[in-house]
Amino acid sequence: MHGLVLFDIDATLLKTNGAGVAAMESAGKELFGDRFSARGIDFAGSLDSILLRQMLLACGVGATSEIERNFRAVYARHLEDRLGTQAGARALDGAIELVGRVRSSGTLAAGLLTGNFEETGWLKLRACGFDPAWFTVCAWGNDSPHDPPDREHLPPVAMGRFRRVHGVPIEPSRVTIIGDTIHDVRCARANGCRCIGVATGRYSMQELRDAGADHAVPDLGATSDILGMIVSVPSGRRGLS
């Protein structure tokens with residue numbers, strides 16, 4: 001493998017019609033009562049572990065590893081229920097095709113870099129038609145080795161897993177992160193990775209470019225063009241061929 005493509009999940013590969021936020025809030029209310037709320041919390045580009053801490057703080061509960069572990073189990077149950085009954089969860093245009101093109105390229109590995117907890121991330125992907133086997137390298141929102149966690153900690157986690165899976169190290173310049181927020185862009189730039197911003201979430205193409213994305217696209221529909229961006233040679237960088 002000559003390159004690694006790391007996809008964000010929410011608003012990049014798929015949308016769940018609010019099932020994730022609603023399930024997280026429902027899980028918190030089950031565990032901590034009606035004072036637990038997602039109101040006023042900025043979810044875009046954040047890590048689930050950080051979101052949980054913010055919601056716990058707002059309702060006067062201190063975060064512990066046991067509380068997070070219990071919350072994750074209840075959240076997964078609520079999310080699975082909602083994804084099974086709530087209409088609207090779907091893969092975004094071109095997303096499944098692009099992952100397939102990356103996998104069939106012969107030179108690229110497909111992976112994930114996301115703020116989701118692992119178990120609930122997989123639930124969203126399966127509900128929207130993505131096979132977990134398609135992604136050989138994953139860095140989840142609960143994978144930061146530091147406290148407090150940060151999205152910028154995740155690219156090194158993914159690169160370390162690439163080495164274990166594929167048996168060779170990978171240079172940051174051969175890693176492309178595809179995401180819909182400026183936080184995806186910033187975590188790529190902080191680690192010397194490339195980034196394609198996709199304007200299917202809150203941020204416009206111009207905002208993603210201004211944050212430092214190598215490329216910005218309106219969506220993932222133009223799969224051939226995006227694949228060309230992944231293997232192209234930006235100024236001052238090495239290509240992926």
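The structure under discussion appears in the preceding block.
Here is a short report on the structure shown in this document. (Residues numbered from 1 in each chain as written. Predicted model: local features only at pLDDT ≥ 70, side-chain atom pairs only at ≥ 80, totals over all residues. Heavy atoms only, no water.)

**A short note on the sheet that holds strand E1 (residues 3–7)**
And then number 1: Read across the open sheet, the 6 strands follow the order E5-E4-E1-E6-E7-E8; overall the sheet is parallel. The outermost strands of the open sheet, each flanked by one partner alone, are strand E5 (137–139) and strand E8 (215–217). Adjacent strand axes in the sheet meet at a mean angle of 20°, parallel and antiparallel pairs treated alike.
And then number 2: Note that strand E7 (residues 194–198) and E8 share 3 bridges and pair parallel. Along E8, the bridge assignment pairs Val 198 with Val 217.
And then number 3: Running over the sheet, helix H4 (residues 95–104) touches E1, strand E4 (108–113) and strand E6 (175–179) and is turned about 135° from E4. (Pairing = 2+ DSSP bridges. Helix = DSSP H or I, 4+ residues; strand = E, 2+ residues; numbered from the N terminus. Axes fitted to C-alpha atoms, helices over the stretch in contact; angles between N-to-C directions. Contact = heavy atoms within 4.5 Å.)

**Focus: the nonpolar core**
And then number 1: One finds Phe 7, Leu 13, Leu 112, Phe 130 and Phe 135 to be the most contacted residues of the largest nonpolar core, which totals 29 residues.
And then number 2: Those elements giving two or more residues to this core turn out to be E1, H4, E4, helix H5 (118–127), E7 and helix H9 (223–231).
And then number 3: What Leu 112 contacts, discounting residues up to four positions off in sequence, is Leu 6, Phe 7, Ile 9, Leu 13, Trp 122, Leu 125, Phe 135, Val 137, Cys 138, Ala 139 and Trp 140.
And then number 4: In this structure, Ile 177, Cys 193, Tyr 203 and Ala 216 belong to the second largest nonpolar core, which totals 26 residues. (Core = buried A, V, L, I, M, F, W, Y, C linked by side-chain atoms within 4.5 Å. Buried < 20%, exposed > 50% of the residue type's maximum accessible area, 1.4 Å probe, protein only.)

**Examining unusual backbone geometry**
And then number 1: The amide bond that connects Asp 147 to the next residue, Pro 148, takes the cis arrangement and shows omega of 5°.
And then number 2: Its location among the elements puts Pro 148 in the loop between E5 and helix H6 (154–166).
And then number 3: Phi angles above zero are rare outside glycine, and Ala 11 is one such case at about 70°.
And then number 4: Its location among the elements puts Ala 11 in the loop between E1 and strand E2 (14–15).

**Here we look at the pattern of salt bridges**
And then number 1: In the structure shown here, the tally under the stated rule is 10 salt bridges.
And then number 2: We note a salt bridge from Asp 42 to Arg 202, for which the minimum N-O separation is 2.9 Å. Note that Asp 42 is positioned in the loop between helix H1 (19–32) and helix H2 (48–58) and Arg 202 in the loop between E7 and helix H8 (205–210), a separation of 160 residues in sequence.
And then number 3: The partly exposed category is assigned to Asp 42, whose relative accessible area is 38%.
And then number 4: Residue Arg 202 is classed as exposed on the basis of its relative accessible area, which comes to 53%.
And then number 5: The closest approach of N and O atoms between Glu 68 and Arg 72, which form a salt bridge, is 3.9 Å. One end of the pair is Glu 68 and the other is Arg 72, both in helix H3 (residues 65–85) and 4 residues apart, which spans about a single turn. Exposure class is identical for Glu 68 and Arg 72. Each is buried.
And then number 6: Taken together, the shared-partner salt bridges in this structure form one network comprising Asp 8, Arg 151 and Asp 184. (Salt bridge = Lys/Arg side-chain N within 4 Å of Asp/Glu carboxyl O.)

**Things to note about the packing of aromatic side chains**
And then number 1: One pass over the structure, following the stated rule, counts 7 aromatic pairs.
And then number 2: Ring geometry for Phe 130 against Trp 134: centres 6.1 Å apart, planes inclined by 75°, an arrangement best described as edge-to-face.
And then number 3: Aromatic pair Phe 130 and Phe 135: ring centres 6.4 Å apart, planes at 40°, arrangement tilted. The same class applies to Phe 130 and to Phe 135, which are both buried.
And then number 4: Among the aromatic residues, those joined into a ring-pair cluster are Phe 32, Phe 36, Phe 71, Tyr 75 and Phe 117. (Phe/Tyr/Trp six-rings, centres within 6.5 Å; stacked < 30°, edge-to-face > 60°.)

**Brief notes about the packing of H4 against H9**
And then number 1: Running from N to C, H4 and H9 cross one another at 45°; their axes reach a closest spacing of 10 Å. With respect to H9, the element H4 is oriented oblique. In this structure, H4 crosses over H9, and the sense of that crossing is right-handed. Where H4 abuts H9, its residues Glu 97, Leu 98, Arg 101 and Val 102 lie against Thr 223, Ser 224, Ile 226, Leu 227 and Ile 230.
And then number 2: Its residues placed into classes, the contact of H4 with H9 shows 5 nonpolar, 2 polar and 2 charged. (Parallel < 35°, antiparallel > 145°, perpendicular 65-115°, else oblique. Left-handed = near helix turned anticlockwise from the far one by under 90°. Nonpolar A, V, L, I, M, F, W, Y, C, P; charged D, E, K, R; others polar.)

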